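# Residue-level structure breakdown
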Amino acid sequence: MNPAHHRQKCVRCICNKWTILTILAFLTWLYRLIVYLSASNLQLVLVPMELANEKRAYCLDGSAPGYYFRKGHDEGENSWILYLQGGGWCWNISDCYERTKGRYGSSNEMQGTLPVGGFLSNSANSNPDFYNWNVAFFAYCDGASFAGDVNVPLSYKGNTIYFRGKRVLDLLLDYLMDKGLSSADRVILSGMSAGGLAVYIHADYIRNKFPPQTAFHAFPDAGYFPDVKNITNHDHIKEAFQNVIRLQGIENNLNTACLADQDINSKWKCFFPQYTYPYVTTPMFVLNSAYDIWSLWYILNVRCHISACDKDNLHHLTSYHDQFMQIAEPIYKSTKAAIYTSSCFSHVHTLQNTEWTKHLVNGTTPVAAFGDWYFGRKTVQQSKYWDCATPACNPTCDWTLNTFMYFASSNSKYDF
Ligand SMILES: *[C@@H]1O[C@H](CO)[C@@H](O)[C@H](O)[C@H]1NC(C)=O
Ligand SMILES: *[C@@H]1O[C@H](CO)[C@@H](O)[C@H](O)[C@H]1NC(C)=O
Ligand SMILES: *[C@@H]1O[C@H](CO)[C@@H](O)[C@H](O)[C@H]1NC(C)=O
């Protein structure tokens, strides 16, 4: 066959409409199959509205709460990761009203699938110890670390706003109990950022919903927000958290042993991990950066990229680090908790493969450190990791502009 003839024949067959459609359909199917096989995606499950009504448990806007799910298999079949999503807090009524317009305040706005990596990944490569566990990722839509509970909904600009985070937590747990969680052999309660903070305040409470023989561990990520002053020497974060506690009726929904030890005016303390931690009895692995970028931005108000921080800012940064390590010292000394603090200017370490598998502290990645502790390959005493102290000293962190620029962009308002 001569080349010209060949070309002509093929042009004719490919131009056939049905051939093209068939090829397209096949490619679409193949693409879906590849996505399905390689996906770490979790699927959204909304709790039926009748059940939400029964428990009066709602997102800020009155919609029913939900969670993202992926089923476990093989050795992970009866093992569960309960993961509390973060996304900051809403600081006042108008801020909470703004949230009702998006997925952090309304399940009507939640996406149907959620791509996840890191500790929640289903890849045995990046997540060798937990890839086949059940994952229930509690969608955060209450704006107050799953801790609010105000009976009478508020009215704002003609809209009704609900502060029912604690009820959302209870409803999601009850609902999941009926879907197999009640027969779990092993449960790890984890969560990031505002959800990491929720792990400190709710760990013992959630633990008590399971029988004693269920192995239950807590793994808060990026939730150790310290009670420190900002760079102009004000108790900014303390006042801001106190406002959230008042607004959302949180005061009685914190660790009960911690609350029992406070006088009436200091119950707010139990919202801060540093004050509530000593009362937590659940075995815990604390994962946090000692230069957590959210804290640098919003607690201190230092917002320079490491290549452009002036002398004053560098001083504030190292002083923050030193205060943080001092505040974390009881955990380093504790015989019951493991701790891993990096000096990366990062926030969450459990949701993306890079932070989970690339950062090194004491030559160890978070994935190895956590798995070694959990499965007893290392003792608690061997699971105390801390990093070099000065800014940018750890070359395995991301020191490019990426994280910084993402944080500076408006997308990061909740996503971190
Ligand atoms: C509410 O909080 C937001 C976010 O912190 C702030 O921008 C706004 O000024 C506050 N509004 C009031 C009325 O305090
Ligand atoms: C420190 O906190 C106070 C009180 O919230 C606030 O007025 C001030 O602006 C903060 N300083 C900086 C530099 O953000
Ligand atoms: C990590 O490094 C620090 C500082 O070099 C050291 O004191 C500590 O014992 C190390 N921890 C582990 C678990 O190796």
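Residues numbered from 1 in each chain as written. Chains lettered and ligands numbered in written order. Predicted model: local features only at pLDDT ≥ 70, side-chain atom pairs only at ≥ 80, totals over all residues. Heavy atoms only, no water.

Here the focus is the environment of proline 115. Position of proline 115 among the secondary structure elements: in the loop between strand E4 (113-114) and strand E5 (134-138). Using a relative accessible area of 59% as the deciding quantity, one classes proline 115 as exposed. With 139 residues separating them in the primary sequence, proline 115 and leucine 254 have C-alpha atoms 31 Å apart. (Helix = DSSP H or I, 4+ residues; strand = E, 2+ residues; numbered from the N terminus. Buried < 20%, exposed > 50% of the residue type's maximum accessible area, 1.4 Å probe, protein only.)

Surveying the vicinity of ligand 3 reveals the residues Asn362, Gln382, Lys384 and Trp386. Within the backbone of lysine 384, a nitrogen or oxygen atom sits 3.2 Å from a nitrogen atom of ligand 3. In isolation ligand 3 offers 360 Å² of accessible surface; the protein chains occlude 48% of this area. (Near = heavy atom within 4 Å. Polar contact = N/O pair within 3.5 Å; in protein donor to acceptor, adjacent residues only side chain to side chain. Areas by Shrake-Rupley, 256 points an atom, 1.4 Å probe, with all protein chains shown as cover.)

Scanning all chains against the criterion turns up 10 salt bridges. A salt bridge links lysine 101 to glutamate 98; the nearest nitrogen and oxygen atoms lie 3.1 Å apart. Of the charged contacts in the structure, one is a salt bridge between aspartate 149 and arginine 167, with a shortest N-O distance of 3.0 Å. Taken together, the residues aspartate 149 in the loop between E5 and strand E6 (154-156) and arginine 167 in helix H5 (residues 165-177) connect sequence positions 18 residues apart. (Salt bridge = Lys/Arg side-chain N within 4 Å of Asp/Glu carboxyl O.)

Within the structure shown, the criterion is met by six disulfides. The disulfide bridge from cysteine 59 ends at cysteine 141, spanning 2.1 Å between sulfur atoms. For the disulfide bridge between cysteine 59 and cysteine 141, the dihedral angle about the S-S bond is near -75°, and by the sign convention the bridge is left-handed. Here cysteine 59, found in the loop between helix H3 (49-55) and strand E2 (66-70), pairs with cysteine 141, found in the loop between E5 and E6; they are 82 residues apart in sequence, far enough to count as distant. The same class applies to cysteine 59 as to cysteine 141, namely buried. For cysteine 388, the disulfide goes to cysteine 393, at an S-S distance of 2.2 Å. (Disulfide = S-S within 2.5 Å.)

Another point: the site of ligand 1. Ligand 1 sits among Trp91, Asn92, Ser94 and Asp95. Here an oxygen atom of ligand 1 and a side-chain polar atom of asparagine 92 are 2.3 Å apart. Burial of ligand 1 by the protein amounts to 30% of the accessible area it has alone, namely 360 Å². When the residues that make up the shell around ligand 1 are grouped by side-chain class, the tally is one nonpolar, two polar and one charged. (Nonpolar A, V, L, I, M, F, W, Y, C, P; charged D, E, K, R; others polar.)

Taken together, the side chains of Trp18, Ile20, Leu21, Ile23, Leu24, Phe26, Leu27 and Trp29 make up a nonpolar region of the molecular surface, amounting to roughly 850 Å² of accessible area. Along the polypeptide, phenylalanine 26 turns up in helix H2 (residues 17-38). (Patch = residues over 30% accessible without salt bridge, like charges linked within 9 Å, V, L, I, M, F, W, Y side chains within 5 Å.)

Once that is clear, we can look at helix H7 (residues 236-248). Three or four residues apart is the spacing at which side chains of an α-helix point the same way, because the helix has 3.6 residues per turn. Compared with the 18 Å implied by 1.5 Å per residue over 13 residues, the 18 Å span of H7 between its first and last C-alpha is a close match. When we look at burial in H7, the residues that qualify are Ile237, Ala240, Phe241, Gln242, Val244, Ile245 and Gln248. Buried residues in H7 make contact with helix H4 (93-99), helix H6 (194-207) and helix H10 (293-300). Looking at the residues trailing H7, positive phi occurs at glycine 249, about 60°. (Expected span 1.5 Å × (residues − 1). Contact = heavy atoms within 4.5 Å.)

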